[in-house]
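So you can see what is in the structure, the chains are spelled out below.
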Amino acid sequence: MKRITVLILAGIAVLLSLPTFAKSAPSATNTRFSKLNTLLKNAYVDGNVGAGKVKEDIRVARNDNNEGVAWNIGAGYKFCAYGAAEFSYSRYHDEEFGNNTARGIDNKSYQVAAKAIYPLPQWKLAPFVKLGPAWVTHTARDGGRVGSDMDGFAIYSAAGVAVLPWNNVSMNFQVSGTRNHAGTPAMYMYSAGLSYMFG
């Protein structure tokens, strides 16, 4: 009888200790989430939409339509309060010329940029500038040649200001674009967007 009583008491003690052990021992899932959170800390994603223009005039065009809606998406990593690096994709307005040479020209760019930030916490603002190389594509949709029809490297730059009303979400207003280089025309974008900071 004593042995049975001892076994029962030992079993109760084990059962009572299980919740405490479960709380103190980190699960594999929690560990993975913790590592992921550490990895993503200071990383961010953003998206902008606005008005874009491709600075190109085609002499044979009946309808020189080279401006309209443009947008940008990107991801970056903030190393400190004053600096970040980011990769982004910009889609500019398709050019339509109203001739038989091409149905239009697609314009887009991929860029890697260094970002310098000047935080103004008292006003919840952060002016910034960006600079880096870009790969620009300027291609007639039917393969025809209208003005410039090629891919090439160009210089990407941007300037704007971020508004910081919340901890992880900010709004931004910026002017960005690529300079004409090696046959690709200059492309500009005036946009507004949102950014989400992980961690």
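Residues numbered from 1 in each chain as written. Predicted model: local features only at pLDDT ≥ 70, side-chain atom pairs only at ≥ 80, totals over all residues. Heavy atoms only, no water.

So, about the overall build of the chain. For the chain, the count of helices and strands is two helices and eight strands. Written out in order from the N terminus, the α and β elements of the chain read α-α-β-β-β-β-β-β-β-β. Nonlocal contacts in the chain, meaning residues at least 24 apart in sequence, comprise 58% of its contacts between residues at least 6 apart. For the chain, the accessible surface area stands at approximately 12,200 Å², while carbon and sulfur atoms represent 65% of it. (Helix = DSSP H or I, 4+ residues; strand = E, 2+ residues; numbered from the N terminus. Contact = heavy atoms within 4.5 Å. Areas by Shrake-Rupley, 256 points an atom, 1.4 Å probe, with all protein chains shown as cover.)

Reading around the circumference, S1-S2-S3-S4-S5-S6-S7-S8 is the order of the eight strands in this closed barrel, with antiparallel pairing throughout. Across the sheet, the mean angle from the axis of one strand to that of its neighbour is 25 degrees, orientation sign disregarded. In terms of strand pairing, strand S5 (residues 125-140) meets strand S6 (residues 150-163) through 14 bridges, oriented antiparallel. Residue pairing for S6: Phe-128 is matched across the bridge by Gly-160. (Pairing = 2+ DSSP bridges. Axes fitted to C-alpha atoms, helices over the stretch in contact; angles between N-to-C directions.)

Moving on, we get to the pairing of strand S3 (residues 83-91). Most of S3 is tucked away, with seven of its nine residues classed as buried. As judged from the nine bridges shared by strand S2 (residues 67-80) and S3, these two strands associate in the antiparallel manner. Bridge pairing in S3 places Gly-74 opposite Ser-88. In sequence, S2 turns back onto S3 through a hairpin of two residues. Here S3 pairs with strand S4 (residues 105-117) via nine bridges, running antiparallel. Within the sheet, the bridge partner assigned to Ser-88 lies in S4 and is Gln-111. (Buried < 20%, exposed > 50% of the residue type's maximum accessible area, 1.4 Å probe, protein only.)

As for its position among the elements, Val-112 is in strand S4. As a C-alpha pair, Val-112 and Pro-133 span 21 residues in sequence and 6.0 Å in three-dimensional space. Discounting chain neighbours no more than four positions away, the residues touching Val-112 are Glu-86, Phe-87, Leu-131, Gly-132 and Pro-133.

Honestly, that's just the spatial picture; any functional story needs more than this.
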